[in-house]
Amino acid sequence: MDSSIQPHDFFFLIATGILAMLLFAIGLIVVFFTAQSKLLNEKMQQQALQLEHQQELLFSNIKTQEKERKRIAEDLHDEIGSKLNVMLLNLRFLERKTGDLPKVSEAIEEVEQLLKTTIVATRQISHDLLPPILADFGLVAAIKELQDAYQNTQLTFDFDDSQAQERIGDQLIELNLFRVIQELLKNSITHGAATQVHVVFRTEPPAFTVIYQDNGRGFELARLEERKGLGTQNIESRLAMCAAHIAYESREEGGLRAVITRTVKAPL
């Protein structure tokens, strides 16, 4: 019996060895990519958790900020404002008692004018911090009051609420939208040098749409990320609390158009 290895046996052994090495290499590749995929998934989960945590911190900061604004507004109105009014009444009483002393009367009149100016300024600051009409009558009424505040200025502020209901139904959403419109107005005036602003507000609860447009200088959208400041970040954070999204349309010397939309109920 010939015990020598035949050529076909030799090729079979080589083929088997090559196949074993190929299977081993494939196994290593599968293990490698499985490990990489697992690491990538873990990294993505960590990033998602970090983003969620950052978002929660932003939401918490905004809510804390609004609580503090409310407290300061109430203190200004109830404490400072009332004390200033008492001072004004006492000053008028003193004026009646010293009417025959021209110099004293003149000094009292100057102080009285200063007190009146301070009372008006205090009321305005308190109002800006937390407009009472927003809580009492809703966002539409608050925007109309904001519109009235610009009547005697160089800015023409048009507001179309013909397709809006009086109340959205959620005070926090209304407050955040009001702050966003305030911020957009400030940007239009300060950065865009706009003279005209047009706002359209449409509601179909829980959905809503806000279209904001000005005739300012505008900017290239590619530069939006570069020039994104605290105001823009604040806008995005407040809209995220409302489950809303903002899309910008702008070009240099072409003004700004911002469309805010929400189609689902906000997870507040």
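That block above? That's the structure.
Because the structure is a prediction, the values reported are computed rather than measured.

Caption draft 1: Up close: the layout of surface pockets. For the largest pocket, the calculated volume is near 430 Å³. Lining the largest pocket are 22 residues, and of these Asp128, Leu146, Arg179, Gln182 and Glu183 lie nearest its centre. Counting only elements with at least two residues in the lining of the largest pocket, the list comes to α1 (7-97), α2 (102-129), α4 (139-149), α5 (171-190) and α6 (230-241). Ranked by the residues each element gives to the lining of the largest pocket, the list is headed by α5, at 7 residues. In terms of residue class, the lining of the largest pocket is made up of 9 nonpolar, 6 polar and 7 charged.

Caption draft 2: Just the side chain of Thr122, in detail. Checked against the element boundaries, Thr122 lands in helix α2. Among the polar contacts made by the side chain of Thr122, one reaches the main-chain carbonyl oxygen of Thr118 at a distance of 2.7 Å. Contacts of Thr122, omitting those with residues within four sequence positions, involve Leu76, Ile80, Gly81 and Leu84.

Caption draft 3: Examining the environment of Ser82 more closely. Among the structural elements, Ser82 can be located in helix α1. Here Ser82 falls in the partly exposed class, since its relative accessible area comes to 32%. C-alpha separation for the pair Ser82 and Ile119, spaced 37 residues apart in sequence, amounts to 9.0 Å.

Caption draft 4: Structural view of the pairing of strand β2 (residues 196-204). Here strand β1 (residues 156-163) pairs with β2 via 6 bridges, running parallel. Directly across from Phe157, in β2, lies its bridge partner Val197. Bridge count between β2 and strand β3 (residues 207-214): 8 bridges; the pairing is antiparallel. Across the sheet, residue Glu204 finds its bridge partner in β3, namely Ala207. In sequence, β2 turns back onto β3 through a hairpin of 2 residues.

Caption draft 5: Region of the structure containing the sheet that holds β1. With respect to topology, 5 strands assemble into an open sheet ordered β1-β2-β3-β5-β4, the strand pairing being mixed. Looking along the sheet, the strands with just one partner apiece sit at the ends: β1 and β4 (245-250). Pairwise comparison of adjacent strand axes, ignoring direction, gives a mean angle of 10 degrees for this sheet. Packed onto the sheet, α4 meets β1 and β2 and runs at close to 160 degrees relative to β1. Seen against the sheet, α5 touches β1, β2, β3 and β5 (256-262) and runs at an angle of roughly 10 degrees to β3.

Cut-off values and rules
- Residue positions are given per chain, counted from 1 along the sequence in the order it is written.
- In keeping with the predicted nature of the model, local features appear solely for residues at pLDDT of at least 70, side-chain atom pairs appear and are counted solely at 80 or more, and the whole-chain, interface and lining totals rest on all residues.
- Each side-chain value is worked out from all heavy atoms of the structure, with water and hydrogens disregarded.
- Think of a 1 Å grid over the protein atoms and nothing else: a 1.4 Å probe that fits but is trapped marks a cavity, an open set flanked by protein within 12 Å on at least five of seven lines marks a pocket, and residues with an atom within 4 Å of a point count as lining.
- Grid points are joined across faces, edges and corners, and a volume is the space filled by probe spheres set on the points.
- Where helices and strands are cited, they refer to DSSP runs of H or I of at least four residues and of E of at least two residues respectively, numbered from the N terminus.
- Note on residue categories: nonpolar means Ala, Val, Leu, Ile, Met, Phe, Trp, Tyr, Cys or Pro, charged means Asp, Glu, Lys or Arg, and polar means any other residue, Gly included.
- The definition of a polar contact used here is a pair of N or O atoms within 3.5 Å, where within protein one atom must be able to donate a hydrogen and the other to accept one, and adjacent residues in sequence count solely through side-chain atom pairs.
- Throughout, a residue-residue contact means that at least one pair of heavy atoms, one from each residue, lies within 4.5 Å.
- Burial classes follow relative accessibility: with a 1.4 Å probe on protein chains only, a residue under 20% of its type's maximum area counts as buried, one over 50% as exposed, and anything between as partly exposed.
- Note: two strands are recorded as paired if DSSP finds a minimum of 2 bridges between them.
- Only the contacting stretch of a helix is used when fitting its axis, a line to C-alpha atoms as for every element, and angles between N-to-C directions run 0 to 180 degrees.

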